[in-house]
Amino acid sequence: ADTPPLSLVYATMAHGPRFVPYVGRFISRARAIGIGDVLVVFCLDDGAFVACQDVGGHCIPGTPSILNKFTLPLVLLRDGLDVMWIDLDVFLFQSPTPFVAEQLRAGYDLLISGAFAVDCVCSGVVLYRAVARTRAWLERLLVWMYEHP
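Now for a description of the structure that goes with this document.

About the thresholds
Residues numbered from 1 in each chain as written. Predicted model: local features only at pLDDT ≥ 70, side-chain atom pairs only at ≥ 80, totals over all residues. Heavy atoms only, no water. Salt bridge = Lys/Arg side-chain N within 4 Å of Asp/Glu carboxyl O. Helix = DSSP H or I, 4+ residues; strand = E, 2+ residues; numbered from the N terminus. Buried < 20%, exposed > 50% of the residue type's maximum accessible area, 1.4 Å probe, protein only. Core = buried A, V, L, I, M, F, W, Y, C linked by side-chain atoms within 4.5 Å. Contact = heavy atoms within 4.5 Å. Pairing = 2+ DSSP bridges. Right-handed = clockwise from strand over helix to strand, strands pointing away. Expected span 1.5 Å × (residues − 1). Arc of directions from axis to C-beta.

Considering the pattern of salt bridges
Inspection of the entire model under this criterion finds four salt bridges. Notably, a salt bridge pairs D109 with R129, separated by 3.2 Å at the nearest N-O pair. Of this pair, D109 sits in the loop between α4 (97–105) and β5 (110–114) while R129 sits in the loop between β6 (121–128) and α5 (132–147); the two residues are 20 residues apart in sequence, bridging distant segments of the chain. A salt bridge links D109 to R133; the nearest nitrogen and oxygen atoms lie 2.4 Å apart. Taken together, the residues span a long stretch of sequence, with D109 in the loop between α4 and β5 and R133 in helix α5 at a distance of 24 residues. A residue is classified by how much of its surface remains accessible, and D109, at 16% relative accessible area, is buried.

Pasting the structure below:
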């Protein structure tokens, strides 16, 4: 049986002088492991946007807010794209696409990484499936975060 093509995009965000120097390196690493063409970088200041453009990344301009970590995935989900969020400080040793595809085909709608040092979730790596209940959950999360800063 044919497997449907993935509608998967990887996303991250960057801003500030501490992180801007890593934008180009992150994009270069994504290209090296074969996901550079499907990586979007939410650039929350001019420095991040310039650094992204300098290496020919897929750059989306924005302004700083922790809500953006969840807003960009929601926008992409509404476009029918599955989203793998990866924080800029995550180093990928290989393409996660085969694993991600397996999880999507298994029917998982949301996968969230765990923290290394403590027993809790970590939103540094999150897989969102582009289905109605994932979008609804993410919308409710954003509203809650906005109302409880």
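Details of the nonpolar core
Of all hydrophobic cores here, the largest spans 24 residues; its most connected members are Y10, L39, C52, M84 and V100. Contributions of two or more residues to this core are made by β1 (8–14), α1 (23–32), β2 (39–43), α2 (46–54), β4 (82–86) and α4. Broken down by element, this core gets its largest block of residues, four residues, from α1. Residues within four places of C52 in sequence aside, it is in contact with V23, I27, V41, C43, G57, H58 and C59. Membership of the second largest hydrophobic core comes to 20 residues, among which are A11, L72, V83 and L142.

So, the pairing of β1
It is a general feature of regular strands that their side chains alternate between the two faces of the sheet. Buried residues dominate β1, accounting for seven of its seven residues. Where burial is concerned, the two faces of β1 agree: the one with L8, Y10, T12 and A14 and the one with V9, A11 and M13 are both buried. Here β1 runs beside β4; their pairing, made up of four bridges, is parallel. Considered in β4, the bridge of A11 is made with W85. Relative to β2, β1 runs parallel, the two being bridged by five bridges. From the neighbouring strand, A14 faces β2, where its bridge partner is C43. Each parallel crossover has a hand, and for β1 linked through α1 to β2 it is right-handed.

Thoughts on α5
Its 16 residues give α5 an end-to-end C-alpha distance of 23 Å, which sits within 8% of 22 Å, the value for a rise of 1.5 Å per residue. What α5 keeps buried is the set T134, L138, L142 and M145. The buried residues of α5 occupy an angular sector of 70 degrees when the element is viewed end-on, so they sit on one face. Away from the buried face of α5 by more than 90 degrees, exposed residues A132, R133, R140 and E147 are located. In this fold, the buried residues of α5 make contact with α3 (68–78) and β6.

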